[in-house]
Amino acid sequence: APRKGIAYILAIGINQYQNHEFDLKWATPDAKRIAEALGASEQALGDYERVVTIPILDSQATRENILAMLHRLGGRHEPLPASAPGQRQDLQPARPEDSVVVYFAGHGFAAGDRFYLVPHDLGYSGARRDLAGSLDQVIARSISDLDLQTAFEPIDAGHILLIIDACNAGKALDSDEERRGPMN
């Protein structure tokens, strides 16, 4: 008989940005609620050996932490950053019988042909009204659609779901190039 897998739920929510001019009100509560609801429904279904729910909230939702946790699911074995959420020890490389759900609630934007998720450490400390002249600083710290594609490609889970609750999220799929994995 096939062995039961693990359902991994990474719920990323950012209300409090390093630059407080970009703070939100509902991203963190939405991420907590999604994690709670998905975790409870997966547990009730009984299809998995266990459900691992990892909230990555506010100051924990850095570019480094988010990508490191996705890379861990993809099979990289380097240590996770010390600032990663406490449940990080439960995160193992995904197997074909596993499911991976990643939910992101926070700022997102499109620039050129790319879409970007804006992590807590957005790389810009100026006034929000002056952001246009410093967008390159934010791009350098953000997670692009290409970063996501690269991070998701090696994840060997049987099911992968990426939910992006951010402005301009449709741009993550809008491309002239062929996309692979969850970005297609």
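Residues numbered from 1 in each chain as written. Predicted model: local features only at pLDDT ≥ 70, side-chain atom pairs only at ≥ 80, totals over all residues. Heavy atoms only, no water.

### Description of the pairing of strand β2 (residues 48–57)
Rules: Should DSSP find at least two bridges between two strands, the strands are regarded as paired. Secondary structure elements follow DSSP: runs of H or I no shorter than four residues count as helices, runs of E no shorter than two count as strands, and numbering proceeds from the N terminus. The definition of a right-handed crossover adopted here requires that, viewed with the strands pointing away, the path from the first strand over the helix to the second runs clockwise.
For strand β1 (residues 5–13) and β2, the ladder comprises nine bridges, and the chain directions are parallel. Of the residues in β2, the one forming a bridge with Tyr 8 is Val 52. With helix α1 (residues 27–45) bridging β1 and its parallel neighbour β2, the resulting β-α-β unit is right-handed.

### A closer look at the pattern of salt bridges
Close approach of charged atoms allows side chains with opposite charge to pair. Quick reminder of the rule: What counts as a salt bridge is simple: a side-chain nitrogen of Lys or Arg found within 4 Å of a carboxyl oxygen of Asp or Glu. Three exposure classes are used, based on accessible area relative to the maximum for each residue type with a 1.4 Å probe and protein chains only: buried under 20%, partly exposed in between, and exposed over 50%.
Within this structure, the stated rule accounts for seven salt bridges. As a salt-bridge pair, Arg 63 and Asp 147 come within 3.1 Å of each other at their nearest N and O atoms. Placement of the pair is Arg 63 in helix α2 (residues 63–73) and Asp 147 in helix α4 (residues 145–152), with a sequence separation of 84 residues. Note that Glu 78 and Arg 76 form a salt bridge whose closest N and O atoms lie 3.8 Å from each other. On the accessibility criterion, Glu 78 (42% relative accessible area) is partly exposed. Here the salt bridges share partners, and the residues they tie into one network are Arg 3, Arg 95, Glu 97 and Asp 98.

### What to know about the sheet that holds strand β7 (residues 159–165)
Definition in use: Angles here are taken between N-to-C directions and fall from 0 to 180 degrees, while the axes themselves are lines fitted to C-alpha atoms, restricted in helices to the stretch in contact. Contacts: residue pairs with any heavy atoms within 4.5 Å of one another.
In spatial order, the strands read β2-β1-β3-β7; together these four strands make up an open sheet with parallel pairing. Taken across any chain shown, the strands that pair with only one partner, and hence form the sheet edges, are β2 and β7. Geometrically, the sheet is characterised by an average inter-axis angle of 10° between neighbouring strands, direction not taken into account. Bridging between strand β3 (residues 99–105) and β7 involves seven bridges; their strand directions are parallel. Counted as the bridge partner of Val 101 is Leu 161 from β7. Seen against the sheet, α1 touches β1, β2, β3 and β7 and runs at an angle of roughly 165° to β1. Seen against the sheet, α2 touches β1, β2 and β3 and runs at an angle of roughly 170° to β1.

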